[in-house]
Amino acid sequence: MTFAYLLTLLMSLGAMVLLDHRFRLFFWRSPGRAAVVLGAGLVYFLVWDLFGIGLGIFYRGETTLMTGLVLAPELPVEEFFFLTFLCYLTMNAVQGAHLLLATRAARAGRAGLDDGSDG
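The structure displayed is predicted, hence computed values, not measured ones. (Residues numbered from 1 in each chain as written. Predicted model: local features only at pLDDT ≥ 70, side-chain atom pairs only at ≥ 80, totals over all residues. Heavy atoms only, no water.)

A. Seen up close, the nonpolar core. Core analysis: the largest hydrophobic core is formed by nine residues, namely L13, M16, L25, F26, A34, L38, F85, C87 and Y88. Elements supplying a minimum of two residues to this core: α1 (4-23), α2 (31-54) and α3 (77-114). If you tally residues by element for this core, the top one is α3, at three residues. Not counting chain neighbours up to four residues away, the residues in contact with A34 comprise F26 and F27. L42, L46, I53 and L83 belong to the second largest nonpolar core, which has five residues in total. (Core = buried A, V, L, I, M, F, W, Y, C linked by side-chain atoms within 4.5 Å. Buried < 20%, exposed > 50% of the residue type's maximum accessible area, 1.4 Å probe, protein only. Helix = DSSP H or I, 4+ residues; strand = E, 2+ residues; numbered from the N terminus. Contact = heavy atoms within 4.5 Å.)

B. Quick peek at the packing of aromatic side chains. Within this structure, the stated rule accounts for seven aromatic pairs. Seen from their ring centres, F27 and Y88 are 5.5 Å apart, and the 80 degrees between their planes marks the pair as edge-to-face. Pair noted here: F27 is in the loop between α1 and α2 and Y88 is in helix α3, with a separation of 61 residues, a long-range link. The interplanar angle of 80 degrees and the centroid separation of 5.2 Å between the aromatic rings of Y44 and F45 together place this pair among those described as edge-to-face. Judged by relative accessible area, which is 49%, Y44 ranks as partly exposed. What makes F45 partly exposed here is its relative accessible area of 27%. In this structure an aromatic cluster arises from ring pairing among F26, F27 and Y88. A cation sits over an aromatic face here: R22 above F23, 4.6 Å from the ring centre. (Phe/Tyr/Trp six-rings, centres within 6.5 Å; stacked < 30°, edge-to-face > 60°. Lys NZ or Arg CZ within 6 Å of the ring centre and 35° of its normal.)

Function-wise, these values are silent; they only describe arrangement.
Encoded structure:
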């Protein structure tokens, strides 16, 4: 039993937390809403996985990089952390894009005022 994949996922989640904290993207912007959104995404994808497993579409691949611990048949514990990372990454990316676009728009607005033009 090895923890390489799980450790990699946890380190990646840690990086998401650091980015979130640095730029106030998701949890540091609105913790309550972020928890609801992240929880809803996680539940959605876990249910998706369970349906896929039940239909025989998804199965747990054997690898030496995983712990071998399962939350349910064919649902490794690493999947929970991967889905958490996926949802957190997505929300950080969405909020980061909003922040970037807002910053660019503000700079463009200031540039328009600074050049002395009337509009």
